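# Close look at the chain arrangement
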Amino acid sequence: MTLCQLFLQPDAAYACISELGELGIVQFRDLNPNVNSFQRKFVNEVRRCEEMERKLRFLETEIKKDELPIYDPEDNPDAPKPREMIDLEATFEKLDHELKEINTNADALLRNFNELTELKHNLQMTQGFFDEAQAHPVGVLEDMAGEREIELGGQTTATAGMKLGFITGVIPRERMVTFERMLWRVCRGNVFVKQADIPDLIEDPLTGEKVHKTVFVVFFQGEQLKNRVQKICEGFRANIYPCPENPHERRELAMGVMTRLDDLTVVLSQTQDHRQRVLAATSRNLRTWQIKVKKIKAIYHTMNMFNNDVARKCFIAECWAPVSELDRIQLALRKGSEASGGGTVSSVLNRMITREQPPTHHKLNKFTQGFQNLVDAYGVATYREINPMPFVLITFPFLFAVMFGDAGHGLIVSVFALWMVIKERSLKDKWRTQEVWTIFFGGRYIILLMGLFSIYTGLIYNDVFSKSLNIFGSSWRVKFGDEILNRRDIDTVQLEPTPYNYSGTREYQQMYSGTPYPFGLDPIWQVSENKITFTNSVKMKFAIIIGIIQMGFGVFLSLWNHLHFNHRYAIYLEFLPQIIFLACIFFYLIILIFYKWTHFDGLVSTQAPSLLIQLINMILLSYPTEPESSRTFYSGQRGVQTALIIFAVICIPWMLLGKPIYRIIMNKRRANYSTVTNHTENAEHEIDEQTHENESTKKVEMSEVWVEQGIHTIEYFLGCISHTASYLRLWALSLAHAQLSEVLWQMVLHIGLSTNGYAGSILTFLVFMPWSCLTVFILLLMEGLSAFLHALRLHWVEFQSKFYKGEGYPFIPFSFRLLLDEVPIEG
Amino acid sequence: MEKFGIAVIVFTVFWSLIGIVLPFFIPKGPNRRLIQVMLMLTSACCYLFWLCFYLHQWKPLFGPQLTSSDARILRSLWGTDF
């Protein structure tokens, strides 16, 4: 990783940045951090881009409203040149304007259409009223003036100087009752209302919703009442329509309305077609435009970070770039300069020397990306330190599998992960908004490895949905006779563990063949009462063994780090005491475990040493003779263990005092050098020495060094013991998983399997559903999450604390691909 | 004793083939080192796991405890000969 300076010609700058964006391997630094974003050079261009994005968003919502499909572009469109930006802006402006015009026109037409529809219904209904009035001469109008002329068609009669007027209109159905009541109250019962419901749903011209409406006719006498009625109609927001009294006029009006309605329908459909066409044309290009605009905006944002050198008339940019990619960057710059019109002076790349810590860049692919995320979640690796990811890639799924350990569950998990991996392409962009899904999908390779290892550990634990497989034939046989097995007072029998007749008695029967089951746990243990006692022992021992080995591996990785950074002193002052302590106590423990496995059998089972007690006695330097399991069990044990303890204890002050004393000596030497070389004229030499000394031994406060080293020492030595015990969670979780699985089988599925006959088959069918649901939700999801978390903790704390510093910051290159991926394209 | 040896030899050879021999045959490419590390670690972990369970069962300190009915079933199912 190196810091580079780019000198870009102003006209070539845009094209060069575009090329670098496509390449995606440089990280630009902001050279104007104190400048307000409104005062930057290209703020206008960024504003124009945002305006374009706004218009595109508007177009997208319109397209979505009409439910047209949006086409994804096949290829990756290039960032357009600055000239093209103006064209794009013009296109968007035109489309925007056109669409807005279409929308307003359509709204106006629709309103008109709805009014006319209401008028049509109005006329129909009132026609109905007056026809009815004609048909029933003894109509309801009798109590009004009693003039027969009214029934003949609603003509105003002039008899007795009384004029009967009417108002017709349309009102929403729910308001009808209150409307009538209000009219009755205000006009003191001197008006007459007739109403008829419109059967269809009408679209209200003002709100646009479809509501039930009612046509009403209000008859009244006199101007005053007319005013009152009109005011009430306005108050209730009833739409009043003029209705001619003459039936001929009415009919003419009705015909006119019908023709106008037909015309409007045609115009409306044409407007809709036009809109569809415009939107369809837009939808084809929409995504391409969006990508182009995003790219332009990104380029201008980047260019805002540059320093504008007015004197030399060029842009200066600073960026971090991997050393191995410098050639490609040069090529991209040359391409950019040529593309922007073959400038006479091409852009220059200049490497800079700096003391700053560069960002950390790991080359990853889709498989390793997931695991790197797991490691980075704890801390990004310091620049150039060893990346634990390749090791975590295997040990994490393995430790998960040790805790999960069921071949049937592992199979389901593997199949799920395999589906996600095989269907990668099509599933990549589906359900992007569902965060839980994206988490599962992002970790598909992790889940696949976890599942595969779980199948392996499940076969070794001989646990398939809490049942065992007997592939090779058990090593145990029941050789008890009937006289023992048929006795009523004996509930359980225990098989003989020694494969040979040790005491020469006649009752001895060989029940164990002498050769263990070739692959995994013997199937007889699944049906025995003391299964847990047996498996606890082996699982705990394995957990300790794998834990110590992983921690030792971590310490060796720290050696690798020391060698890389050339910290020779650290090898002797930190690595050696750490590994010696670990070896003396914990590798010795592993040797004892293997010794106990190979040298003690059923004959001497009472004398078999209890390893935990032995370890405690070793540290306490006490060697009791009772109980039997605490005695020494090999000759010379006292001497060996005492020696190991002495070596281990020496390591503590070695690590505590070593590094600080080294620092003190180095500081003294530096002080000597600077007084000696001050007298020489060789200034260069002095600077070299000083920089060399500076880099290896910066002058720090001695108290700080003591405190820091004290903390590290305590952390390491206490950590050795506590982390070793912490690995016992591998045993604990696998026990919990096995027991849960067994409970689920015994309590749920067994109900169906133990019933006989047809009832049994139906019951099994019914019971399968809760059993499988509980298996998936409790055992797969909950236990899986739990084991995932614990395996992750084991890596972050127990493994990585031995060598990992994690104080770096990630390398985030300026890349169009990253930019387009991070924001979901669909809304 | 021979049967014990057979299983040990078979599995040791199997995992050492995967972990020690196979890494030399990975074709050159950007992922060569990664695949080598993966193979070595996988075979080491899996072999160790199998070995621990195998050794633990070789000289058991106690035998399985069965209910009398289960014992009768197993006696008739598996017979009394090895």
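Residues numbered from 1 in each chain as written. Chains lettered and ligands numbered in written order. Predicted model: local features only at pLDDT ≥ 70, side-chain atom pairs only at ≥ 80, totals over all residues. Heavy atoms only, no water.

Taking an unreviewed UniProt entry as the reference, chain B is identified by name as V-type proton ATPase subunit belonging to Rotaria sordida. In its Subunit (unreviewed entry) section, the UniProt entry covering chain B states "V-ATPase is a heteromultimeric enzyme made up of two complexes: the ATP-hydrolytic V1 complex and the proton translocation V0 complex." (UniProt positions renumbered as here; feature names shortened; annotations may be inferred.)

An unreviewed UniProt entry lists chain A under the name V-type proton ATPase subunit a, with Rotaria sordida given as the organism. Quoted verbatim from the Subcellular location (unreviewed entry) heading of the UniProt record, the comment on chain A is "Membrane". As recorded by UniProt, the Sequence similarities (unreviewed entry) comment attached to chain A reads in full: "Belongs to the V-ATPase 116 kDa subunit family."

We now examine the overall build of chain A. For chain A, the count of helices and strands is 24 helices and ten strands. A globule of 827 residues ought to have a C-alpha radius of gyration of about 28 Å, yet chain A, at 44 Å, is considerably larger. Dimensions of chain A along its principal axes, counting C-alpha atoms only, are 140 × 105 × 45 Å. Across chain A, the fraction of contacts at a sequence separation of at least 24, relative to all contacts at a separation of at least 6, is 79%. Summed over all atoms, the accessible surface of chain A reaches about 43,500 Å², with 58% contributed by carbon and sulfur. In chain A, 82 positive and 91 negative side-chain charges are present, and the distance between their average locations comes to 3 Å. (Helix = DSSP H or I, 4+ residues; strand = E, 2+ residues; numbered from the N terminus. Rg over C-alpha atoms; globule rule 2.2 N^0.38 Å. Contact = heavy atoms within 4.5 Å. Areas by Shrake-Rupley, 256 points an atom, 1.4 Å probe, with all protein chains shown as cover. Lys, Arg positive; Asp, Glu negative; His and termini not counted. Charge placed at Lys NZ, Arg CZ, Asp CG, Glu CD.)

It is worth spelling out the UniProt feature "transmembrane region" (unreviewed entry) in chain B at this point. Residue and element names in this part refer to chain B. The UniProt feature table records "transmembrane region" (unreviewed entry) at residues 6–25 and 37–56. Segment residues 6–25 splits into 80% helix and 0% strand. End C-alpha atoms: 27 Å apart. Across residues 37–56, the secondary structure splits into 100% helix and 0% strand, with the terminal C-alpha atoms separated by 29 Å.

Below, the discussion takes up the UniProt feature "coiled-coil region" (unreviewed entry) in chain A. Under the present numbering, the feature "coiled-coil region" (unreviewed entry) in UniProt falls on residues 42–119 of chain A. Across residues 42–119 of chain A one finds 78% helix and 0% strand; the C-alpha atoms that close the span lie 58 Å apart.

Residue and element names in this part refer to chain A. In the numbering used here, UniProt assigns the feature "transmembrane region" (unreviewed entry) to residues 391–422, 442–461, 542–563, 575–595, 643–662 and 747–768. Spanning residues 391–422, this segment combines 94% helix with 0% strand, and its end C-alpha atoms are found 25 Å apart. Within residues 575–595, the helical portion is 100% and the strand portion 0%, while the C-alpha atoms at the span's ends are 28 Å from each other.

On to the pairing of strand 5 (residues 210–221) of chain A. Residue and element names in this part refer to chain A. For strand 5, a buried count of nine out of twelve residues is recorded, marking the element as mostly surrounded by other parts of the structure. Where strand 3 (residues 164–172) and strand 5 come together, nine bridges link them in antiparallel fashion. If you follow Ile 167 over to strand 5, its bridge partner there is Val 218. Summarising the sheet, strand 4 (residues 192–203) and strand 5 pair through nine bridges and their orientation is antiparallel. Across the sheet, the residue bridging to Phe 192 is Phe 219, located in strand 5. (Buried < 20%, exposed > 50% of the residue type's maximum accessible area, 1.4 Å probe, protein only. Pairing = 2+ DSSP bridges.)

Bringing the interface of chain A and chain B into the picture now. In this assembly, 72 residues from chain A lie in contact with 44 residues from chain B. In terms of surface lost to chain B, no three residues of chain A exceed Arg 477, Val 478 and Trp 597 of chain A, which account for 11% of the buried area on that side. The tally of links between chain A and chain B comes to one salt bridge. Where chain A touches chain B, the interface holds 23 residue pairs in polar contact (both at pLDDT 80 or more). Within the residue set of the side of chain A that touches chain B, elements represented by two or more residues are helix 9 (366–378), helix 10 (389–404), helix 14 (444–461), helix 15 (482–485), strand 10 (492–494), helix 16 (531–565) and helix 17 (568–599) of chain A. A total of ten residues in the side of chain A that touches chain B trace back to one element, the largest contributor, which is helix 16 of chain A. Summarising the sheet, strand 10 of chain A and strand 1 (residues 65–67) of chain B pair through three bridges and their orientation is antiparallel. The residue bridging Gln 494 of chain A from the neighbouring strand is Gln 65 of chain B, located in strand 1 of chain B. (Buried area = accessible area lost by both parts, 1.4 Å probe. Salt bridge = Lys/Arg side-chain N within 4 Å of Asp/Glu carboxyl O. Polar contact = N/O pair within 3.5 Å; in protein donor to acceptor, adjacent residues only side chain to side chain.)

Another point: a nonpolar patch on the surface. Residues and elements named next belong to chain A. A grouping of Phe 416, Trp 419, Trp 431, Val 436, Phe 440, Val 776, Phe 777 and Leu 781 is seen on the molecular surface, where their side chains present a nonpolar patch of about 750 Å² in accessible area. For the nonpolar patch, the secondary structure elements donating two or more residues are helix 11 (407–422), helix 13 (435–442) and helix 23 (757–799). Of all the elements, helix 23 adds the most residues to the nonpolar patch, at three residues. Its place among the elements puts Trp 431 in the loop between helix 12 (424–427) and helix 13. Judged by its relative accessible area of 42%, Trp 431 falls in the partly exposed class. (Patch = residues over 30% accessible without salt bridge, like charges linked within 9 Å, V, L, I, M, F, W, Y side chains within 5 Å.)

All names here are of chain A. In total, this model carries 27 salt bridges over all chains according to the counting rule given. Taking the shortest distance from any N to any O, the salt bridge between Arg 631 and Glu 626 comes out at 3.5 Å. For Arg 631, a relative accessible area of 35% translates into the label partly exposed. With a relative accessible area of 54%, Glu 626 lands in the exposed category. Connected through salt bridges with shared partners, the residues Glu 51, Arg 54, Lys 55 and Glu 93 form a single ionic network.

Time to look at the packing of helix 16 of chain A against helix 21 (residues 702–726) of chain A. Residue and element names in this part refer to chain A. Orientation of helix 16 relative to helix 21, taken along the N-to-C sense of each, is 150°, at an axis distance of 9 Å. When the axes of helix 16 and helix 21 are compared, the pair comes out roughly antiparallel. Contacts from Ile 544, Ile 548, Met 551 and Val 555 of helix 16 reach helix 21 at Tyr 716, Cys 720, His 723 and Thr 724. Across the contact of helix 16 with helix 21, the residue classes break down as six nonpolar, two polar and no charged. (Axes fitted to C-alpha atoms, helices over the stretch in contact; angles between N-to-C directions. Parallel < 35°, antiparallel > 145°, perpendicular 65-115°, else oblique. Nonpolar A, V, L, I, M, F, W, Y, C, P; charged D, E, K, R; others polar.)

Residues Phe 398, Phe 581 and Leu 730 of chain A together with Phe 49 of chain B are the most contacted members of the largest nonpolar core, which totals 120 residues. Among the elements that line this core, the one with the most residues is helix 2 (residues 32–58) of chain B, at 15 residues. If sequence neighbours within four positions are ignored, Leu 730 of chain A has contacts with Leu 399, Val 402, Met 403, Ala 543, Ile 546 and Leu 794 of chain A. Within the second largest apolar cluster, 51 residues are counted, among which are Phe 28, Ile 63, Ile 299 and Leu 349 of chain A. (Core = buried A, V, L, I, M, F, W, Y, C linked by side-chain atoms within 4.5 Å.)

This next bit is on the packing of aromatic side chains. According to the stated counting rule, one finds 61 aromatic pairs over all chains in the structure shown. Arranged with centres 5.8 Å apart and planes meeting at 50°, the rings of Phe 166 of chain A and Phe 219 of chain A form a pair that is tilted. You can see Phe 166 of chain A sitting in strand 3 and its partner Phe 219 of chain A sitting in strand 5, a full 53 residues away along the chain. For Phe 219 of chain A, a relative accessible area of 8% translates into the label buried. Relative to Phe 534 of chain A, the ring of Trp 525 of chain A has its centre 3.8 Å away and its plane inclined at 5°; by these criteria the two rings are stacked. A relative accessible area of 3% places Phe 534 of chain A in the buried class. Aromatic rings pair up to connect Tyr 456 and Phe 519 of chain A together with Phe 4, Phe 11, Phe 14, Trp 15, Tyr 47, Trp 50, Tyr 54 and Trp 58 of chain B into one cluster. The residue whose ring lies beneath Lys 539 of chain A is Tyr 461 of chain A, and the NZ or CZ to ring-centre distance is 4.5 Å. (Phe/Tyr/Trp six-rings, centres within 6.5 Å; stacked < 30°, edge-to-face > 60°. Lys NZ or Arg CZ within 6 Å of the ring centre and 35° of its normal.)

Residues and elements named next belong to chain A. In contact at an axis separation of 9 Å, helix 9 and helix 10 are set at 90° when each is read in the N-to-C sense. Between helix 9 and helix 10, the angle is such that the two are roughly perpendicular. In contact with Phe 367, Thr 368, Phe 371, Gln 372, Leu 374 and Val 375 of helix 9, helix 10 contributes Met 389, Val 392, Leu 393, Phe 396 and Pro 397. Looking at side-chain class alone, the contact of helix 9 with helix 10 contains nine nonpolar, two polar and no charged residues.

A few words on the confidence of the model for chain B. In the predicted model, chain B carries a mean pLDDT of 93, and 99% of its residues have values of at least 70. In the predicted assembly, ipTM is 0.97 and pTM is 0.82. (pLDDT = per-residue confidence, 0-100.)

The next subject is the sheet that holds strand 3 of chain A. Sheet strands line up and pair through hydrogen bonds in the backbone, either parallel or antiparallel. All names here are of chain A. Taken in spatial order, the four strands make up an open sheet running 4-5-3-6, and their pairing is antiparallel. Each edge of the sheet is formed by a strand with only one pairing partner; in this case those strands are strand 4 and strand 6 (239–241). Across the sheet, the mean angle separating the axes of adjacent strands is 25° when strand polarity is ignored. Where helix 5 (residues 176–186) meets the sheet, it contacts strand 3, strand 4 and strand 5, and its direction lies at approximately 160° from that of strand 4. Across the sheet, helix 6 (residues 223–235) is in contact with strand 3, strand 5 and strand 6; its angle to strand 5 comes to roughly 170°.

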